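As a plain string of letters, each chain reads:
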Amino acid sequence: MKHIKQSAAAVALTASTLLVSSCSSGTTPDTTTNAADGRPIVNKENWPAKIPSSGLAKDLTLPLEAYMASYEDQVTVEQAANELQQSCMKDYGIDLTLPQAGANPPPSDNDANIERRYGITDRAQAEKYGYELPPALREHTEQTMRDLSGVEVEVLTGHTKPELPKAPEGVKAGSAFSGPGQTKPARAEYNGKKLKTGGCIGWSKDQLGVEEADPIIVAQLAGDSLVQSMKDDKVIKAVAAWSSCMDSKGHAGLADTYKAMDQGVTNDGEPSQESIALAVDDIDCKEQTDLVKIWSGVESAIQDKQIADNKSQLTGIKEQHGNEIAAAHKQMADSAQ
């Protein structure tokens, strides 16, 4: 997988995203080739731990994580939706196998990205991979899925197969510059059965009680708390101590831990000896200055206030997550009988 170098600070401020199947988002999946090469499509051993079990972030959690859906729970809801969609399509006489959820896990269990929220924290990984992710998380498992006909897309999504608009002169058709695909409402019925509102995808969400209402509010609050924590005197002092430690080890000019990540990440995703040495010194200086403990303590206090200020909305989000997960578990248990 090619590594696209970007600002580590931007990465820390961006919520980690569950890579759900394109079917769940209501678009037509691309036809792909199974590249598992004998490996299991879904390998739970590669799933991120709910709470870090090693490194400076061991056992570390932030208050807002209580309102974030875990990766395991997200996969459960997605897989339950997939099974409902397959069953729904079968009712129309269409056999369809959707990609299994959980094949390509993110590096962190939820939007807090706690393992790298304050920069890298695991020395054992740094000794092997520098600032890069472990190889298992840099691989991408593609799953075979046939291309869908126009009517199959309508039954699945409730709208026609997207048609790309004519590209402007000089722009290759299908490129991002030609604009998104345009759709129209699906036909009223197929094989003598009325199509469901939103197609089988919409129906599956209704069955599980999935709501689309403001799903990123918790991640936004977490981003705000990180920004606020950077301005705290305790964090500023701890970061300055870390920077001085790094300077003493021959890494001058690193104003913060994100600058170290920016410097240490390689364009091809393969760590160099220099980046590994930088990463190890980075973590040693974090440990020497107690940076992670200080920073997370400050941010935890900020998040406690955020929770108090947004208690009603956050409680509703947590309850909604619980309802969706319970419905997903029930659906999968029923389908297994």
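The structure under discussion appears in the preceding block.
Every value quoted in this text rests on a predicted model; they were computed, and no experiment measured them. (Residues numbered from 1 in each chain as written. Predicted model: local features only at pLDDT ≥ 70, side-chain atom pairs only at ≥ 80, totals over all residues. Heavy atoms only, no water.)

Draft legend 1. Quick look at the overall build of the protein. What the protein contains, in helices and strands, is 12 helices and 2 strands. Within the span of the protein, comprising 337 residues, buried residues form 43% of the whole. Considering only contacts within the protein whose residues lie at least 6 apart along the sequence, 79% involve residues at least 24 apart. Carbon and sulfur atoms provide 51% of the accessible area of the protein, an area that totals close to 17800 Å². (Helix = DSSP H or I, 4+ residues; strand = E, 2+ residues; numbered from the N terminus. Buried < 20%, exposed > 50% of the residue type's maximum accessible area, 1.4 Å probe, protein only. Contact = heavy atoms within 4.5 Å. Areas by Shrake-Rupley, 256 points an atom, 1.4 Å probe, with all protein chains shown as cover.)

Draft legend 2. Fine view of the environment of G250. Mapped onto the fold, G250 is located in the loop between α8 (233-248) and α9 (257-264). Between the C-alpha atoms of G250 and L278, which are 28 residues apart in sequence, the distance is 9.3 Å.

Draft legend 3. Summary view of the packing of aromatic side chains. Throughout the structure, instances matching the rule amount to 3 aromatic pairs. Between Y118 and W295, the aromatic rings sit 4.9 Å apart at their centres with planes inclined by 40 degrees, giving tilted as the arrangement. You can see Y118 sitting in the loop between α2 (71-91) and α3 (123-129) and its partner W295 sitting in helix α11 (residues 291-309), a full 177 residues away along the chain. Of the residues examined, Y118 reaches a relative accessible area of 0% and is grouped as buried. You can call W295 buried: its relative accessible area is 2%. Taken together, the ring pairs connect Y118, Y258 and W295 into an aromatic cluster. (Phe/Tyr/Trp six-rings, centres within 6.5 Å; stacked < 30°, edge-to-face > 60°.)

Draft legend 4. Main features of the pattern of salt bridges. By the definition in use, this model includes 12 salt bridges. R117 serves as the salt-bridge partner of E299, at 2.7 Å between the closest nitrogen and oxygen. On the criterion of sequence distance, the pair formed by E299 in helix α11 and R117 in the loop between α2 and α3 is long-range, its members being 182 residues apart. In this structure R117 comes out as buried when scored by relative accessible area, which is 2%. The salt bridge partner of R146 is E152, with a shortest N-O separation of 2.8 Å. Take R146: its relative accessible area is 38%, and that puts it in the partly exposed class. The network of salt bridges with shared partners includes R123, E127 and D284. (Salt bridge = Lys/Arg side-chain N within 4 Å of Asp/Glu carboxyl O.)

Draft legend 5. Geometry of the side chain of S243. Inspection of the secondary structure assignment puts S243 in helix α8. In this structure, S243 is in contact with L254 and A255, ignoring residues within four places of it in sequence.

Draft legend 6. Structural detail: the environment of P185. Tracing the backbone shows P185 in the loop between α5 (150-157) and β1 (189-190). The spacing of P185 and G158 is 27 residues in sequence and 6.4 Å in space, taken between C-alpha atoms. Contacts of P185, omitting those with residues within four sequence positions, involve G158, H159 and T160.

Draft legend 7. Quick peek at the state of the cysteines. Across all of its chains, the model carries 2 disulfides by this definition. For C88, the disulfide goes to C200, at an S-S distance of 2.0 Å. Because the torsion about its S-S bond is -70 degrees, the bridge between C88 and C200 counts as left-handed. Taken together, the residues span a long stretch of sequence, with C88 in helix α2 and C200 in helix α6 (residues 199-208) at a distance of 112 residues. Across this residue pair, the class does not change: C88 and C200 are buried. (Disulfide = S-S within 2.5 Å.)

Draft legend 8. View of α8. With 16 residues, α8 ought to run about 22 Å at 1.5 Å a step, and its terminal C-alpha atoms sit 23 Å apart, in line with that. Each element contacted by the buried residues of α8 is listed here: α7 (217-230), α9, α10 (273-289) and α11. The backbone nitrogen of K234 has a side-chain oxygen 2.8 Å away, supplied by the residue at the start of α8, namely D232. (Expected span 1.5 Å × (residues − 1). Polar contact = N/O pair within 3.5 Å; in protein donor to acceptor, adjacent residues only side chain to side chain.)

Draft legend 9. Quick look at the environment of D233. Along the chain, the position of D233 falls in helix α8. Spatially, the C-alpha atoms of D233 and V298 are 9.7 Å apart, while their sequence positions differ by 65 residues.

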